[in-house]
Amino acid sequence: MAALSYARARCSGYGTASARPQYAHTVAETSYAKCGDLSLAYQVFGDGPVELVFVGPMVTHIELSWTLPEFKAFFEQLATFCRILLFDKAGVGLSDPIPKVRLLEERAAEIEAVMDAVGFAKAAVFGMSEGGPQAIMFAAKRPERTRALILYGSFAAAPGASWDDLERDPAELRARLVPELGEDYTPSTKQLGCMQEMVRGARSAWGSGATAKRWFPSVRSMRQLGMVERMSASPGMVRATLESNFRIDVRPILPTLTAPTLVIHAREDLMPVQCSRYLADHIPGARYLEVEGAAHAPWFTEPDRILTEIEEFLTGSHAAPSRLHRALRTVLFTDIVASTQHAAATGDERWRAVLQRLGAVTAELTERFGGTVVKSTGDGHLATFDGPTQAIRCAEALRAEAETLGIQIRAGIHTGECELLDSDIGGLAVHIAARICGQAGAGEIFVSRTVRDLVVGSGTGFEDRGSVELRGVPDTWQLLAVDRDGARAGSAEAELASMPTPGRRTAMRHSDRAMEVIARRTPWFVRGMARLAPATGRR
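Small disclaimer: the values here were computed from a predicted structure and weren't measured.

Some words on the sheet that holds strand β6 (residues 146-152)
- The eight strands are arranged β1-β2-β4-β3-β5-β6-β7-β8 in an open sheet whose pairing can be described as mixed. With partners counted over all chains shown, the strands left at the sheet margins are β1 (31-35) and β8 (287-291), one partner each. Sheet twist, expressed as the mean angle between neighbouring strand axes with direction ignored, is 25 degrees.
- Pairing of strand β3 (residues 50-55) with strand β5 (residues 123-128), which is carried by four bridges, proceeds in the parallel orientation. The residue of β5 that forms the bridge with Val53 is Val125.
- Along the sheet, helix α11 (residues 303-315) contacts β3, β4 (82-87), β5, β6, β7 (261-266) and β8; its crossing angle with β8, the most-contacted strand, is approximately 170 degrees.

Here we look at unusual backbone geometry
- At Glu302, a position not held by glycine, the phi torsion is positive, near 45 degrees.
- Among the structural elements, Glu302 can be located in the loop between β8 and α11.
- You will see that Asp475, though not glycine, has its phi angle at about 70 degrees, which is positive.

Focus on the environment of Glu183
- Structurally, Glu183 is set in the loop between α5 (170-181) and α6 (189-205).
- In this structure the C-alpha to C-alpha distance between Glu183 and Gln274, which are 91 residues apart in sequence, comes to 9.7 Å.
- Look past the residues within four positions of Glu183 in its chain and what remains in contact with it is Arg174 and Val178.

Things to note about the packing of helix α2 (residues 69-78) against α11
- The interhelical angle for the contact between α2 and α11, taken along N-to-C directions, is 20 degrees, at an axis separation of 11 Å. Compared by their axis directions, α2 and α11 come out roughly parallel. By crossing handedness, the relation of α2 to α11 is classed as right-handed. Facing α2, whose interface residues are Phe74, Gln77 and Leu78, α11 presents Pro303, Ile306, Leu307 and Ile310.

A few points about the pattern of salt bridges
- Tallied over the full model, the rule gives 33 salt bridges.
- Residues Glu110 and Arg107 are paired through a salt bridge, measuring 3.0 Å at the closest nitrogen-oxygen approach. Of the two residues, Glu110 and Arg107 are both situated in helix α3 (residues 104-118); the distance of three residues between them amounts to about one turn of the helix. In this pair, the class of Glu110 matches that of Arg107, namely buried.
- Note that Glu444 and Arg465 form a salt bridge whose closest N and O atoms lie 2.8 Å from each other.

Examining the pairing of β7
- Burial of β7 is extensive: six of the six residues sit out of reach of the surface.
- Of the two faces of β7, the one carrying Thr261, Val263 and His265 and the one carrying Leu262, Ile264 and Ala266 are both buried.
- Pairing geometry for β6 and β7, over four bridges, is parallel. Looking at β7, one finds that Ile150 is bridged to Leu262.
- Relative to β8, β7 runs parallel, the two being bridged by five bridges. Looking at β8, one finds that Leu262 is bridged to Arg287.
- Viewed along the sheet, the connection from β7 through helix α10 (residues 273-282) into β8 turns out right-handed.

Side note on the side chain of Gln191
- In this fold, Gln191 is placed in helix α6.
- Looking at Gln191, its side chain comes within polar contact range of the main-chain nitrogen of Ser188, at 2.6 Å.
- Looking at Gln191, its side chain comes within polar contact range of the side chain of Gln274, at 3.0 Å.
- Aside from chain neighbours lying at most four places away, what touches Gln191 is Pro272, Val273 and Gln274.

Regarding the packing of α5 against α6
- At their nearest, the axes of α5 and α6 sit 9 Å apart, and the two run at 115 degrees to each other. In terms of orientation, α5 and α6 fall into the roughly perpendicular class. In terms of crossing hand, the pair formed by α5 and α6 is right-handed. Here Pro170, Ala171, Leu173, Arg174 and Leu177 of α5 come into contact with α6, specifically with Thr189, Leu192, Gly193 and Gln196.

Reading the values: the criteria
- Residues numbered from 1 in each chain as written.
- Predicted model: local features only at pLDDT ≥ 70, side-chain atom pairs only at ≥ 80, totals over all residues.
- Heavy atoms only, no water.
- Pairing = 2+ DSSP bridges.
- Helix = DSSP H or I, 4+ residues; strand = E, 2+ residues; numbered from the N terminus.
- Axes fitted to C-alpha atoms, helices over the stretch in contact; angles between N-to-C directions.
- Contact = heavy atoms within 4.5 Å.
- Parallel < 35°, antiparallel > 145°, perpendicular 65-115°, else oblique.
- Left-handed = near helix turned anticlockwise from the far one by under 90°.
- Salt bridge = Lys/Arg side-chain N within 4 Å of Asp/Glu carboxyl O.
- Buried < 20%, exposed > 50% of the residue type's maximum accessible area, 1.4 Å probe, protein only.
- Right-handed = clockwise from strand over helix to strand, strands pointing away.
- Polar contact = N/O pair within 3.5 Å; in protein donor to acceptor, adjacent residues only side chain to side chain.

Below, the structure is given as structure tokens:
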């Protein structure tokens, strides 16, 4: 069925202006969705029955993209079987600038914000490149709103491309990564060297087109690529985004995904193909498609084959029902230290008053930070949150309030898949959080490494407390204590949290602003220019 409809579309002129005449000279209208205090630019188009949200790479411009003939052809064909929602992330393209780097949980919230704005109840989420971890986080947190997950050229953890690794010998870097990733999932020395060159170029020459050329080698015009860079994001925004990408690690989340998943990667992509092989092998039931080519976008790399696979994936009957009673949650356990001694010293009546006051404060603060108190555990509480940053902030506030009552609490936090019951919560993640709480001392907030890796850019500081075995829980677990004073000055986290993220207009030229107007009003004219673009060597 899918192949037949695709064949009909090919016969009708896919890749030409005649394929879908309604898009021949105009693009979909750009609107804005609210996401907290920010406005996100989005477009909706297409006639298909499947709602699909495209979560793009680290820099996009939803109007300028339509000036690329290949982009236009790809999304017009996708729109024959999907109702498509495109958007620019906060800080890039036509969306609002941001004051600081966005957390991964905030990026996931952007997907929900644009879905709410257009009335998408349950959508296929298509994450490309950096949009992949964002889509993964959303699919894990909101399985009831995720029909399917598609990942292109993406990753769970960026392989050794941090600022600290820029000058490291690629062979030495690879030798360091093999024990952690395994031989099958570690990029080659050549791949790591190419990633290092890309990062160096992005840091020193953003706006010239050199960085985009590495990602999209088939685009001929350096002038066009430079314009795309400048109009999509400022150099500061790119640096902050890259820095946060280096530290993202959603590997612990992959086993919790329940949505049908399709992973696609071009074999010679600058993003090492081993990254998608890891995704496909660690997401339950994932399909994997590896295509020939080097471009970091599906519209440049075997688009016919990719679109056929996507249509069959989304419209076929392969999908198993999602386990909607399970979802990714952050679990917070708190416990009063030396509660028996306090009760004996103060007397039953006064101690009950303390417990009642702590219960009221816990309910108030949990609600303030967007969580839910599941139940009292006698001397403490169990609460859940959508994201780990809110859980940490709530625990810090609870610790301060407890100290004003003359008591100390300890807390344990973990993010993982939970079973959502009527008025309770269950699953291994709950047991892990409880065991972590038991490892903490008076006034301490302990978290798992999973939590640490998901709050990159929050400004939270951590002290490594080593790896331990948790009673009744498989494997050993690295535990970290939340630093009362935040990230220490000079640390990578402190620098990232304070890194400026200026808006794109700081890098745009007068000619870029004029081109932006032309791209909005007459994209067909710019597409014609792209087809006549000179060879890469000319500026």
